[in-house]
Amino acid sequence: MEVDNNDQDEKDLMRNFKLENEDHTLGNLLTYILNRMPETEFCAYSIQHPTENVLYLRLKVKKGNDVNEVFKNGVIELKKALDIVEDKFIKAMGIYNEENS
């Protein structure tokens, strides 16, 4: 991940994050999580061209918050959610395998 420091506003409330080798899957999930956080004022992503494997995520936070910290917390929350999905999937596969063996 690369941070574009030239695109920061003076109060450090907005930042663009460049995530290489990522696509709409991560973009949608991370944007959804970040937009649900009370510290977030705005979050969106774009992929400028289908042949480019680069995701650009723009995050603006409310005053009194650090944009890097909010981004980090969003990634942590996304990881927690995906861990829950993985656990439920593994349990469901175990039940399915027991019933169909």
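Residues numbered from 1 in each chain as written. Predicted model: local features only at pLDDT ≥ 70, side-chain atom pairs only at ≥ 80, totals over all residues. Heavy atoms only, no water.

Caption draft 1: Main features of the overall build of the protein chain. When helices and strands are tallied, the protein chain shows two helices and four strands. A fraction of 53% describes how many contacts in the protein chain between residues 6 or more apart in sequence connect residues 24 or more apart. For the protein chain, the exposed surface amounts to about 7,200 Å²; the carbon and sulfur share of it is 51%. (Helix = DSSP H or I, 4+ residues; strand = E, 2+ residues; numbered from the N terminus. Contact = heavy atoms within 4.5 Å. Areas by Shrake-Rupley, 256 points an atom, 1.4 Å probe, with all protein chains shown as cover.)

Caption draft 2: Representation of the nonpolar core. Grouped together as the largest cluster of nonpolar side chains are 16 residues, with contacts concentrated most on Leu34, Leu57, Leu59 and Phe71. The set of elements that each furnish at least two residues to this core consists of strand 2 (14–20), helix 1 (24–36), strand 4 (54–61) and helix 2 (67–99). Ignoring any residue separated from it by four or fewer positions in sequence, one finds Leu34 in contact with Thr40, Cys43, Leu57, Leu59, Val70, Phe71 and Gly74. (Core = buried A, V, L, I, M, F, W, Y, C linked by side-chain atoms within 4.5 Å. Buried < 20%, exposed > 50% of the residue type's maximum accessible area, 1.4 Å probe, protein only.)

Caption draft 3: View of the packing of aromatic side chains. Going through the model one piece at a time under the given rule, you end up with one aromatic pair. Where Phe17 meets Phe71, the ring centres are 4.0 Å apart and the plane angle is 10°; that geometry is what we call stacked. Taken together, the positions of Phe17 in strand 2 and Phe71 in helix 2 put the pair 54 residues apart, joining distant regions of the chain. Owing to a relative accessible area of 1%, Phe17 belongs among the buried residues under this scheme. (Phe/Tyr/Trp six-rings, centres within 6.5 Å; stacked < 30°, edge-to-face > 60°.)

Caption draft 4: Spotlight on the pattern of salt bridges. Within the structure shown, the criterion is met by five salt bridges. Between Lys60 and Glu41 there is a salt bridge whose closest N-O contact spans 3.4 Å. With Lys60 in strand 4 and Glu41 in strand 3 (residues 40–46), this residue pair connects regions lying 19 residues apart in the sequence. Since its relative accessible area comes to 24%, Lys60 is described here as partly exposed. Among the residues examined, Glu41 registers a relative accessible area of 46% and is labelled partly exposed. (Salt bridge = Lys/Arg side-chain N within 4 Å of Asp/Glu carboxyl O.)

Caption draft 5: Structural view of the environment of Lys62. Residue position: Lys62 is located in the loop between strand 4 and helix 2. Sequence separation between Lys62 and Glu41 is 21 residues, and the spatial gap between their C-alpha atoms is 5.5 Å. Not counting residues within four places of it along the chain, the set of residues in contact with Lys62 comprises Leu13, Pro38, Glu39, Thr40 and Glu41. Engagement of the side chain of Lys62 in a polar contact is seen with the backbone oxygen of Pro38, the distance being 3.1 Å. (Polar contact = N/O pair within 3.5 Å; in protein donor to acceptor, adjacent residues only side chain to side chain.)

Caption draft 6: Helix 1, seen in detail. In a regular helix each residue adds 1.5 Å, so 13 residues correspond to 18 Å; helix 1 covers 18 Å between its end C-alpha atoms and thus fits that length. Considered for burial, the residues of helix 1 that qualify are Gly27, Leu30, Thr31, Ile33 and Leu34. All buried residues of helix 1 fall inside an arc of 165° around its axis, so they share one side. Of the exposed residues in helix 1, those oriented more than 90 degrees away from the buried face are Thr25, Tyr32 and Arg36. On the buried face of helix 1, the contacting elements are strand 3, strand 4 and helix 2. At the N-terminal end of helix 1, a side-chain oxygen is found 3.0 Å from the backbone nitrogen of Thr25, two or three residues along, and the residue is Asp23. (Expected span 1.5 Å × (residues − 1). Arc of directions from axis to C-beta.)

In short, shape yes, function no, at least from these values alone.
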